[in-house]
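Observations on the three-dimensional arrangement
The primary structure of each chain is shown beneath.
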Amino acid sequence: MSDIVGRRLAVLAIILVSCNARVAVAQTPSPLQEWQYSGGVILARLFEPDLPRFRTVLGLASEVQPVYDGSHAYRVQGGPVINIQYRDIAFLATGDGLGYNLLRGDHYRVGVALAYDLGRKMRDDYSNLRGMGDIGAAPVGKVFASWVLSKKFPIILRIDARQFIGGVDGAVGDAGVYFPLPGSSKTFVMFAGPSITLATHHYMQNLYGVTPQQSLASGHPVYEIGHTGTSAAGVGFSATKFVTEHWMINLDAAINQIRGGPSRSPLVETRTQRALALSVDYQW
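First, a word on what this report is: a plain description of the structure on this page.

1. Let's talk about the overall build of the protein chain
Scanning the protein chain from N- to C-terminus turns up seven helices and 12 strands. Relative to its 284 residues, the protein chain shows a buried fraction of 52%. For the protein chain, the proportion of contacts with a sequence separation of at least 24, taken over those separated by at least 6, is 64%. Accessible surface for the protein chain amounts to roughly 12,200 Å². Of this, 63% is attributable to carbon and sulfur atoms.

Encoded structure:
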């Protein structure tokens, strides 16, 4: 990788954390991969050790994704992009929430964050969710760790664990690997990579299960998920195009497949879920 592309990766890494504004809070969960919320921001310190005190991105985003996880119906929604980074110490972002990097170095960071989830409403798809009850909004605590293999070969490994405090309740964990793609240039950078999601049985039962009471109200058969395991696997693609020094266009796309016990739930109309998000942002 050339030094020029490396420096541009460092700049774009700051931006990729806010590729979309609404997906992180629009539903539980999203087809986008968890690493797409933080993007390549970990590369910033690796390629630019003297980070500015504050880096800010503001913009507008629009996305297309399923109305709930497992639905065959899709919806379009939009919202603001907000991403404020304080060196490599703390951040506030619509995608990643409010966070603090407890451990940080040129090739790694370990931190905690507090985000929130809007849950799931019966009105999202009344024909299939009638009688299931609403899943309330709730804060989400997260711990995460990212590691860059090397400066010359910047593959990024990322793991996280999220605890829902109310709402759907339970915990979810993700493991992913992603990297900048060939064809990236001074004004255009692409990332791609797969990830896998595991969840506690309590989380999966609340989101995909059907209790006897819900069965009577909805007409769906009773369905129980009694064990912790894999809930999804997918791949994501993120790209940033600089139009000027400050203006850029961000695009995120992902395809995710519901796996394990959740894939056989009567609430799941289609196992394969897709998402597309586009934003126009200004950074300084």
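2. Here's the deal with the nonpolar core
Counting 17 residues, the largest nonpolar core has Phe-164, Val-168, Tyr-203, Met-204, Leu-207 and Tyr-208 as the members making the most contacts within it. Membership of the second largest hydrophobic core comes to 10 residues, among which are Trp-35, Ile-42, Val-189 and Phe-191.

3. Comments concerning the packing of aromatic side chains
Think of a pair of aromatic rings as described by two things: how far the centres are apart, and how the planes are tilted against each other in angle. According to the stated counting rule, one finds seven aromatic pairs in the structure shown. Between Phe-54 and Tyr-86 the ring centres are 5.1 Å apart and the planes differ by 50°, which places this aromatic pair in the tilted class. Residue Phe-54 is found in strand β1 (residues 54-66), and its partner Tyr-86 is found in strand β2 (residues 74-86); the two are separated by 32 residues along the sequence.

4. As for helix α6 (residues 201-208)
Within α6, burial applies to Tyr-203, Met-204, Gln-205, Leu-207 and Tyr-208. Buried-residue contacts for α6 involve β7 (156-164), β8 (171-180), β9 (188-199) and β10 (229-242).

5. Considering the side chain of Ser-279
Here Ser-279 shows up in strand β12 (residues 272-283). For Ser-279, a relative accessible area of 1% puts it in the buried group. A distance of 2.9 Å separates polar atoms of two side chains, one belonging to Ser-279 and the other to Asp-281.

Conventions adopted
Residues numbered from 1 in each chain as written. Predicted model: local features only at pLDDT ≥ 70, side-chain atom pairs only at ≥ 80, totals over all residues. Heavy atoms only, no water. Helix = DSSP H or I, 4+ residues; strand = E, 2+ residues; numbered from the N terminus. Buried < 20%, exposed > 50% of the residue type's maximum accessible area, 1.4 Å probe, protein only. Contact = heavy atoms within 4.5 Å. Areas by Shrake-Rupley, 256 points an atom, 1.4 Å probe, with all protein chains shown as cover. Core = buried A, V, L, I, M, F, W, Y, C linked by side-chain atoms within 4.5 Å. Phe/Tyr/Trp six-rings, centres within 6.5 Å; stacked < 30°, edge-to-face > 60°. Polar contact = N/O pair within 3.5 Å; in protein donor to acceptor, adjacent residues only side chain to side chain.

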